[in-house]
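In case you want the letters, here they are:
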Amino acid sequence: MKKTHSHVSIDYYAYISGLGNWNTVYKVIFSLGALITVIAANSVFISAATIIFMLYLNVVIGKIHGMDYLRLLWVPAAFILLGGIAIMIQFGSGAGSLFSIRFFWTRLYITTDNLRLSLNTALKAFAAISAFYMVTLSTPMGEIISVFRKVRVPGLILELMHLIYRYIFILSDTNRAQKEAAKSRNGYCDLKTSFRTFSGEIANLFVMSMKKADMYYDAMEARGYEGDCDFWEEKKALTGGQLVYGFLYGALLILIFFIERRS
Amino acid sequence: MSKKQKKLIAVLAVLSVIFSITPNAYAMHIMEGYLPPKYCIAWGILCIPFLVAGFLSIKKKLQDNRKNITLLAMAGAFIFVISSLKIPSVTGSCSHMTGTGLGAILFGFSTVSILGIIVLLFQAILLAHGGLTTLGANTFSMAIAGPLLSYGIYKLCKKLKVNRMVSIFLAAFLGDIFTYSVTSFQLALSYPSTEGGVMASVGKFLGVFAPTQLPLAVLEGILTVLIIMALENYAQPELKAINFIKEGE
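Here is what the cut-offs are and how they apply
- Residues numbered from 1 in each chain as written.
- Chains lettered and ligands numbered in written order.
- Predicted model: local features only at pLDDT ≥ 70, side-chain atom pairs only at ≥ 80, totals over all residues.
- Heavy atoms only, no water.
- Helix = DSSP H or I, 4+ residues; strand = E, 2+ residues; numbered from the N terminus.
- Rg over C-alpha atoms; globule rule 2.2 N^0.38 Å.
- Buried < 20%, exposed > 50% of the residue type's maximum accessible area, 1.4 Å probe, protein only.
- Contact = heavy atoms within 4.5 Å.
- Areas by Shrake-Rupley, 256 points an atom, 1.4 Å probe, with all protein chains shown as cover.
- Salt bridge = Lys/Arg side-chain N within 4 Å of Asp/Glu carboxyl O.
- pLDDT = per-residue confidence, 0-100.
- Buried area = accessible area lost by both parts, 1.4 Å probe.
- Nonpolar A, V, L, I, M, F, W, Y, C, P; charged D, E, K, R; others polar.
- Pairing = 2+ DSSP bridges.
- Axes fitted to C-alpha atoms, helices over the stretch in contact; angles between N-to-C directions.
- Core = buried A, V, L, I, M, F, W, Y, C linked by side-chain atoms within 4.5 Å.
- UniProt positions renumbered as here; feature names shortened; annotations may be inferred.

Section: the overall build of chain A
Here's step 1: Counting its regular elements, chain A contains 10 helices and 3 strands.
Here's step 2: When the helices and strands of chain A are listed from N to C terminus, the series reads α-α-α-α-α-β-β-β-α-α-α-α-α.
Here's step 3: Compactness check: chain A gives a C-alpha radius of gyration of 24 Å against a globular reference of 18 Å for 263 residues, more than 25% above the reference.
Here's step 4: For chain A, the proportion of its 263 residues judged to be buried stands at 51%.
Here's step 5: Counted over contacts in chain A with a minimum sequence separation of 6, partners at least 24 positions apart contribute 70%.
Here's step 6: Split by element, the accessible area of chain A, about 13600 Å² in all, is 64% carbon and sulfur.

Topic: the overall build of chain B
Here's step 1: Along its length, chain B carries 9 helices and 2 strands.
Here's step 2: Burial status across chain B gives 58% buried among its 249 residues.
Here's step 3: Contacts in chain B between residues far apart in sequence, at least 24 positions, make up 73% of those at least 6 positions apart.
Here's step 4: In the structure as shown, chain B presents an accessible area of about 10000 Å², 70% of it carried by carbon and sulfur atoms.

Topic: the pattern of salt bridges
Here's step 1: One pass over the full model with this rule turns up 8 salt bridges over all chains.
Here's step 2: With its nearest N and O atoms 3.2 Å apart, the salt bridge here joins Arg66(B) to Glu159(A). With Arg66(B) in the loop between helix H2 (37–64) and helix H3 (68–83) and Glu159(A) in helix H8 (residues 155–184), this residue pair bridges two chains.
Here's step 3: The class for Glu159(A) is buried, based on a relative accessible area of 5%.
Here's step 4: When the shortest N-O distance is used, the salt bridge between Asp214(A) and Lys67(B) registers 4.0 Å. Taken together, the residues span two chains, with Asp214(A) in helix H9 (residues 191–222) and Lys67(B) in the loop between H2 and H3.
Here's step 5: Look at Asp214(A) and you get partly exposed, because its relative accessible area is 41%.
Here's step 6: Judged by its relative accessible area of 30%, Lys67(B) is partly exposed.
Here's step 7: When salt bridges that share partners are traced, they join Asp214(A), Asp218(A) and Lys67(B) into one network.

Some words on the confidence of the model for chain B
Residue and element names in this part refer to chain B.
Here's step 1: When pLDDT is averaged across chain B, the result is 83; 87% of the residues are at 70 or more.
Here's step 2: Contacts for the low-pLDDT stretch residues 21–25, under 50 throughout, to residues beyond four places or in other chains number 12 contacts.
Here's step 3: The ipTM assigned to the predicted complex is 0.88, against a pTM of 0.87.

Here we look at the interface of chain B and chain A
Here's step 1: Each side of the interface is counted separately: chain B has 80 residues, and chain A has 83 residues.
Here's step 2: Counting the surface chain B buries against chain A, the share from its top three residues, Tyr34(B), Met74(B) and Leu126(B), is 10%.
Here's step 3: Where chain B packs against chain A, one counts 3 salt bridges.
Here's step 4: Between Asp218(A) and Lys67(B) there is a salt bridge, with the nearest N and O atoms lying 3.5 Å from each other.
Here's step 5: Only helix H1 (3–21), H2, H3, strand E1 (86–87), helix H4 (100–107), helix H5 (109–127), helix H8 (197–234) and helix H9 (236–241) of chain B provide two or more residues apiece to the side of chain B that touches chain A.
Here's step 6: In terms of residue class, the side of chain B that touches chain A is made up of 61 nonpolar, 10 polar and 9 charged.

Structural notes on the confidence of the model for chain A
Low pLDDT marks stretches whose predicted atomic positions should not be read closely.
All names here are of chain A.
Here's step 1: Scored by pLDDT, chain A comes out at a mean of 86, with 96% of its residues at no less than 70.
Here's step 2: The weakest mean pLDDT in chain A belongs to strand E2 (residues 99–103) at 73; the strongest belongs to helix H3 (residues 44–61) at 93.
Here's step 3: Counting contacts from residues 1–6, a segment whose pLDDT is below 50, to residues more than four positions away or on other chains yields 9 contacts.

Some thoughts on the sheet that holds strand E3 (residues 106–110) of chain A
Across a sheet, strands are paired by hydrogen bonds formed along the backbone, either parallel or antiparallel in direction.
Residue and element names in this part refer to chain A.
Here's step 1: Sheet architecture is open: 3 strands sit in the order E1-E3-E2, paired in antiparallel fashion. The sheet is open, and its two borders are formed by strand E1 (90–92) and E2, each paired with just one other strand. Between one strand axis and the next, the sheet turns by 30° as a mean value, whatever way the strands run.
Here's step 2: Note that E2 and E3 share 5 bridges and pair antiparallel. When the sheet's bridge partners are listed, phenylalanine 99 is paired in E3 with isoleucine 110.

Remarks on the nonpolar core
Here's step 1: In terms of nonpolar packing, the biggest core is built from 149 residues, with Phe30(A), Leu57(A), Tyr34(B), Phe78(B), Leu106(B), Phe107(B) and Phe122(B) touching the most fellow members.
Here's step 2: By residue number, the principal contributor to this core is H8(B), which donates 13 residues.

Some words on the UniProt feature "transmembrane region" (unreviewed entry) in chain B
Here's step 1: Look at the UniProt record and you will see "transmembrane region" (unreviewed entry) annotated at residues 37–56, 105–128, 165–188 and 208–231 of chain B.
Here's step 2: Within the segment residues 105–128 of chain B, helix and strand shares are 92% and 0% respectively, and the terminal C-alpha atoms sit 27 Å apart.

Remarks on unusual backbone geometry
Here's step 1: In this model, Asn42(A) sits at a positive phi of 55°, which is unusual for a non-glycine residue.
Here's step 2: Position of Asn42(A) among the secondary structure elements: in the loop between helix H2 (24–41) and H3.

Below you can see the structure in the form of structure tokens.
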């Protein structure tokens, strides 16, 4: 699937995912549990096992195209790479280093420990991201917000979240149209013009968004809005089949835990 | 090839990789799984007073006028959308605005903290930028520290009667720089250097992210000035609606 906006694609998957009929609360607990385990355990094996398990859940059960899934995992790669470099490279006297190089008045070096730490951190980040993807790639925003309602987030915040979510798509559609109009009039022909067009676009988007806000309020009021937004929620049953995966993952973690303790 | 040359080539290779990847970087969201649990919790707790203050201020705004709900929601969506727009640039690289400076100047600091945490949550869920466990740390740097400084500088400059363009530029530019420094500090606290500890590590993180963040901050400053100028030219009624311009000013 090729989409220009990546947020559209994650949202798109949420509606077609094979995990879509799973019970939402269970899915969130599963994913959060995995996420917390990964960062609390801080172990290479648990991270690796989580990456593989979540790959299976997302790609095989969730039916997301393998290449698309890898592309999505690649999104945070720039941060992980740069952060990894900062963790890995040390400066100072450089005693006991694997590799060192003179750098102005000091030395840059890498020790085995730092190398291990940075690789471990990168792996942990990928594992955490894949655990989080399990829920974001299979759950539409409305359902995620319904989980927030269950943990007693104030209604005002939930209402804002619902509305912001809707408006994001309206505004990015508007912006796409603006950009096309500006491009067709040579608005992005050189850097100076681009800057003027870009800021004009944003200013205009602001005006439009404020105008729309007014209009939407009237529309909501016309449909009986009295200060509470109620949204329809689908009830999704928790089945044994869903629980099996949770147990499998738990068993995998316990197995790794014992192997690690023995060695 | 001598040993020295080999090392030189290795360093150059690493540098070229950094510079070829960075153009795709967003603002500095700390990624999921990057912070140890105790820091995730600590940064989250640090955000609570600001969020409560923001919540109360939003609540008051709604009590004053119920219509503000769609206005606030639009403001949140607006911040999300401008933070996902590509800034035009010469090299064809793509960097994105953070929108924190503009948000803070337009909507005020207290509102931005609540809108900011919602936007950051959506960025994590819909764009995979940032994450759930790092939401506290990211909220602190991007929705609290940066906007607070931007807003403070903007108000201070207004009091000192500094040129408007200069004050808007400074607010957006320094807000960005501050966000980037706070994030570096958060990362360094979790990953101190072997020699020199946290402070040396802050330097490393600042250095590694500088090639993306410094030009971005300058660009963001310039763009924010251009945007506010354009708004003042043809959005007077809307700016009054969000109390950016007072009636009769």
